[in-house]
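Residue-level structural notes
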Amino acid sequence: MELTIIILLILIVLYLTIQLMKTRSKLKSIESNTKIVNKKENFHHTDHPIHQQLLLLIDQQQDVKAVKLARETFGFSLLEGKRYVDWLKRKESSRNIK
């Protein structure tokens, strides 16, 4: 009788452990997706306070510093920072043409 209860408890603990591991895995996936979405939302968010500093660096032909600042501010990878600065350049040049 006692052995049956112990085995049952062990099985319950194992089941709960497996479920916890699955939940943690799903949570990590959700966190990763959330970071990606946040980066994409910030990517085109020109009201951010750093926006004017980035435009000033771009106007001064200091694209490398602009990319570095974008990376530090938004947590971008090198490629994402470069794309952001390029996007700002295109946005500003199209605004100046109009």
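Our subject is the structure that appears above.
What comes next concerns the included structure. (Residues numbered from 1 in each chain as written. Predicted model: local features only at pLDDT ≥ 70, side-chain atom pairs only at ≥ 80, totals over all residues. Heavy atoms only, no water.)

Here's the deal with unusual backbone geometry
In this model, Gln61 sits at a positive phi of 60°, which is unusual for a non-glycine residue. Inspection of the secondary structure assignment puts Gln61 in the loop between helix H2 (51-59) and helix H3 (63-74). A residue is classified by how much of its surface remains accessible, and Gln61, at 68% relative accessible area, is exposed. (Helix = DSSP H or I, 4+ residues; strand = E, 2+ residues; numbered from the N terminus. Buried < 20%, exposed > 50% of the residue type's maximum accessible area, 1.4 Å probe, protein only.)

Regarding H3
If you check H3, its first and last C-alpha atoms are 16 Å apart, about what 12 residues at 1.5 Å a residue would give, namely 16 Å. For H3, every residue scored as buried is listed here: Ala66, Val67, Leu69, Ala70 and Phe74. Seen along its axis, H3 keeps its buried residues to an arc of 165°; they face one direction. Among the exposed residues of H3, those oriented more than 90 degrees off its buried face are Val64, Lys65, Lys68 and Glu72. Positive backbone phi, at 75°, marks Gly75, one or two positions downstream of H3. (Expected span 1.5 Å × (residues − 1). Arc of directions from axis to C-beta.)

Comments concerning the pattern of salt bridges
All told, the structure shown has two salt bridges when counted by the stated rule. Across the salt bridge formed by Asp63 and Lys89, the nearest N and O atoms sit 2.3 Å from each other. Here the residue Asp63 occupies a position in helix H3, and Lys89 occupies one in helix H4 (residues 78-97), the gap between them amounting to 26 residues. Look at Lys89 and you get partly exposed, because its relative accessible area is 30%. Measuring nitrogen to oxygen at the nearest pair gives 2.8 Å for the salt bridge that ties Asp86 to Lys82. Of the two residues, Asp86 and Lys82 both sit in helix H4, four residues apart, roughly one turn of that helix. You can call Asp86 partly exposed: its relative accessible area is 22%. Taking relative accessible area as the criterion, Lys82 reaches 39% and is therefore assigned partly exposed. (Salt bridge = Lys/Arg side-chain N within 4 Å of Asp/Glu carboxyl O.)

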